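A closer look at the structure
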Amino acid sequence: MSTANTLTIQQLYASNRDVLKLSWFAGLDGGHRQISSSSASAADQVGHLNLIHPMRIQVFGRQEIDYYERLSPESRAYLVHEIADCNPPALIIARGLGVPDDIHSICDANNIPLFITPLTAAEVIDYLRVYLSKQLAMRIIMHGVFMDVLGVGVLITGDSGLGKSELGLELITRNHGLVADDAVEFSRIAPNIIEGRAPKLLQNLLEVRGLGLLDIRAIFGETAVRRKMQLKLIVHLTRSRAGDDNIERLPIHSPTQEILGLPIRKTVIPVAAGRNIAVLLEAAVRNTIMQLRGFNTMEEFMERQRKAMTDDK
């Protein structure tokens, strides 16, 4: 089950204080305020001052401060109270510009955190959008072995006892890389990107029946593990049964499985004695790479068949 994440302003400040050179200037009691991925896309959680988007972090750059200073006292008072009524998670003054007294007062009165940074507004917004996209991304934990095979992130799934970890170990000996075993944490960090990694507790570890836990990094070296990969293909292992007609031999359309709202290409491989599953998986990955480049073997075959039928007439 996927979950939406929340982030407090205190956590955001602690994580970005040094890189953004933030100083907490006012609203010191507002660190509990939350930013949630359920209310808007992460990329829209921070931006230049805009009261049409009230629930995002409002950033004041030179243009915003210049505009504010040109206003009449009455208009300033109206704008300040509008900001307070919008109840933003925080305000950020960029370029180390001076903080207007009434903005300072309204932030203290309403516990709205007010930060100052010497960086430009554009730099602050660009950095925080990337940071929030990752921190607030939808996440899901899936069971399987996640591998880097020929530069493609491949999740190996299937029932217990089918040899997923053994297959992962064989792929490692064939110079592919382990990302995660058993529990894989996937997050949707962009509209079309799902990233997978291992939970901290399981990093670099692979459990193989009869051998126990193996530290792949210690045994095979640094190049045998990956910190993260983008999910591009799911390879599902099934038990091969005589007379099993559930698997389509020549599928016209590539099957997919939805993960965090995105369709991911899927290949089903029956496991049987004498089958080299590692070779089959590598072939599936190479075929996926060809499809991503726009070449579809099945469509090419159907076109040949159509031409052959036309020529026979």
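Placed above this text is the structure.
Note that the coordinates shown come from a computational prediction; the quantities given were computed from them, not determined experimentally. (Residues numbered from 1 in each chain as written. Predicted model: local features only at pLDDT ≥ 70, side-chain atom pairs only at ≥ 80, totals over all residues. Heavy atoms only, no water.)

1. Observations concerning the overall build of the protein chain
Note the cut-off: Numbering goes from the N terminus for both helices and strands, where a helix is a DSSP run of H or I of at least four residues and a strand is a run of E of at least two. Atoms counted for the radius of gyration: C-alpha only. Globule rule: 2.2 Å times the number of residues to the power 0.38. Burial status follows relative accessibility: with a 1.4 Å probe on protein chains alone, a residue under 20% of its type maximum counts as buried, one over 50% as exposed, and anything between as partly exposed. Note on contacts: a residue pair qualifies if any of its non-hydrogen atoms lie within 4.5 Å across the two residues. In this tally, Lys and Arg are treated as positive and Asp and Glu as negative; His is ignored, and so are the chain termini. We put the charge of a Lys on NZ, of an Arg on CZ, of an Asp on CG and of a Glu on CD.
Per the secondary structure count, the protein chain includes nine helices and 16 strands. For 313 residues, the compact-globule formula gives about 20 Å, and the C-alpha radius of gyration of the protein chain, at 27 Å, lies well above that figure. With the C-alpha coordinates of the protein chain rotated into their principal frame, the extents come out at 85 × 60 × 30 Å. Expressed as a percentage of its 313 residues, the buried residues of the protein chain come to 43%. Taking all contacts inside the protein chain whose residues are at least 6 apart in sequence as the whole, residues at least 24 apart take part in 71%. For the protein chain, the separation between the mean place of its 34 positive charges and that of its 35 negative charges on side chains is 6 Å.

2. Description of the sheet that holds strand β6 (residues 91–93)
As a reminder, the rule being used: Strands pair, by our definition, only if DSSP identifies at least two bridges between them. Each axis is a line fitted through C-alpha atoms, and for a helix only the stretch in contact is used; angles between axes span 0 to 180 degrees, taken between their N-to-C directions.
Strand order in the open sheet formed by five strands is β2-β7-β6-β5-β4, with mixed pairing between adjacent strands. Among the strands making up the open sheet, the edge pair consists of β2 (23–26) and β4 (46–48). Adjacent strand axes in the sheet meet at a mean angle of 30° when their direction is disregarded. The pairing of strand β5 (residues 57–60) with β6 spans three bridges and is parallel. Bridging from a neighbouring strand, Gln58 pairs with Leu91 of β6.

3. Focus on helix α3 (residues 73–86)
The line we're drawing: Expected helix span is computed as 1.5 Å times (number of residues minus one).
Look at α3: 20 Å from first C-alpha to last across 14 residues, which is about the 20 Å you get at 1.5 Å a residue. Looking at the buried side of α3, the elements it contacts are β5, α2 (62–70), β6 and α4 (101–110). Just past α3, the residue Asn87 takes up positive phi, approximately 55°.

4. Brief notes about the packing of α3 against α4
For clarity, the cut-off: Angles are sorted into four bins: roughly parallel if under 35 degrees, roughly antiparallel if over 145, roughly perpendicular if 65 to 115, and oblique for all others. Each crossing gets its hand from how the near helix is turned against the far one by less than a right angle, where anticlockwise is left-handed and clockwise is right-handed. Residue classes follow a fixed rule: Ala, Val, Leu, Ile, Met, Phe, Trp, Tyr, Cys and Pro count as nonpolar, while Asp, Glu, Lys and Arg count as charged, and any other residue, Gly among them, counts as polar.
Relative to each other, α3 and α4 sit at 30°, their axes nearing to 10 Å. By the criterion of interaxial angle, the relationship of α3 to α4 is roughly parallel. As for the relative orientation of α3 and α4, their crossing is right-handed in sense. Contact residues: α3 offers Arg76, Val80, His81 and Ala84, while α4 offers Asp102, Ile103, Ile106 and Asn110. Among the residues forming the contact of α3 with α4, the class breakdown is four nonpolar, two polar and two charged.

5. Some points on the packing of helix α1 (residues 9–20) against helix α5 (residues 121–135)
With their axes 12 Å apart at the nearest point, α1 and α5 run at an angle of 140° to one another. With respect to α5, the axis of α1 lies oblique. The interaxial crossing formed by α1 with α5 has right-handed handedness. Between α1 and α5, the residues in contact are Gln11, Leu12, Ser15, Asn16, Val19 and Leu20 and Tyr127, Leu128, Tyr131 and Leu132, respectively. Partitioned by chemical class, the residues of the contact of α1 with α5 number seven nonpolar, three polar and no charged.

6. Examining the nonpolar core
Test applied: Only buried Ala, Val, Leu, Ile, Met, Phe, Trp, Tyr and Cys residues count toward a nonpolar core, and they belong to the same one when joined by side-chain atoms within 4.5 Å.
Counting residues in each nonpolar core, the largest one holds 27 residues, and the members touching the most others are Ile156 and Ile216. Only β8 (138–149), β9 (152–158), α6 (164–173), β12 (205–208), β14 (228–239) and α8 (277–292) provide two or more residues apiece to this core. In terms of residues, this core owes the most to one element, α8, which gives five residues. When sequence neighbours within four positions are dropped, the list of residues in contact with Ile216 reads Leu169, Ile172, Leu178, Asn204, Leu206, Gly221, Ala224 and Val225. Among the nonpolar cores identified, the runner-up in size contains 23 residues, and Ile35, Ile57, Ile92 and Leu136 belong to it.

7. Notes on the side chain of Ser187
Here Ser187 lies in strand β10 (residues 177–190). In this structure, Ser187 is in contact with Ala137, Met138, Arg139, Ile193, Ile194, Glu195 and Leu260, ignoring residues within four places of it in sequence.

8. Thoughts on the side chain of Glu195
Quick note on the threshold: Whenever a nitrogen or oxygen atom comes within 3.5 Å of another N or O atom, the pair is scored as a polar contact, on the condition that within protein one atom can donate a hydrogen and the other can accept it, and that pairs from neighbouring residues in sequence are kept only if both atoms are in side chains.
If you trace the backbone, Glu195 turns up in strand β11 (residues 193–197). Note on Glu195: relative accessible area 10%, which makes it buried. Among the polar contacts made by the side chain of Glu195, one reaches the side chain of Arg197 at a distance of 2.9 Å.

9. What about the packing of aromatic side chains?
Where we set the bar: Two aromatic rings, drawn from Phe, Tyr or Trp (for Trp, its six-membered ring), form a pair once their centres lie within 6.5 Å of each other, and the interplanar angle then sorts them: stacked below 30 degrees, edge-to-face above 60, tilted otherwise. Counted as over-ring charges are cases with an Arg CZ or a Lys NZ within 6 Å of the ring centre that also lie within 35 degrees of the ring normal.
According to the stated counting rule, one finds four aromatic pairs in the structure shown. Seen in terms of ring centroids, Trp24 and Phe115 are 5.0 Å apart; in terms of plane orientation they differ by 65°. Their pairing is edge-to-face. In this pair, Trp24 sits in strand β2 while Phe115 sits in strand β7 (residues 114–116), placing the two residues 91 residues apart along the sequence. Phe115 carries the same exposure label as Trp24, and that label is buried. Centroid distance Phe146 to Phe186: 5.1 Å. Interplanar angle 70°. Geometry classified as edge-to-face. One end of the pair, Phe146, is in strand β8; the other, Phe186, is in strand β10, with 40 residues separating them in the sequence. Through a chain of ring-to-ring contacts, three or more aromatic side chains come together here, namely Tyr13, Trp24 and Phe115. Just above the ring of Tyr68 sits the side chain of Arg76; from NZ or CZ to the centre is 5.2 Å.

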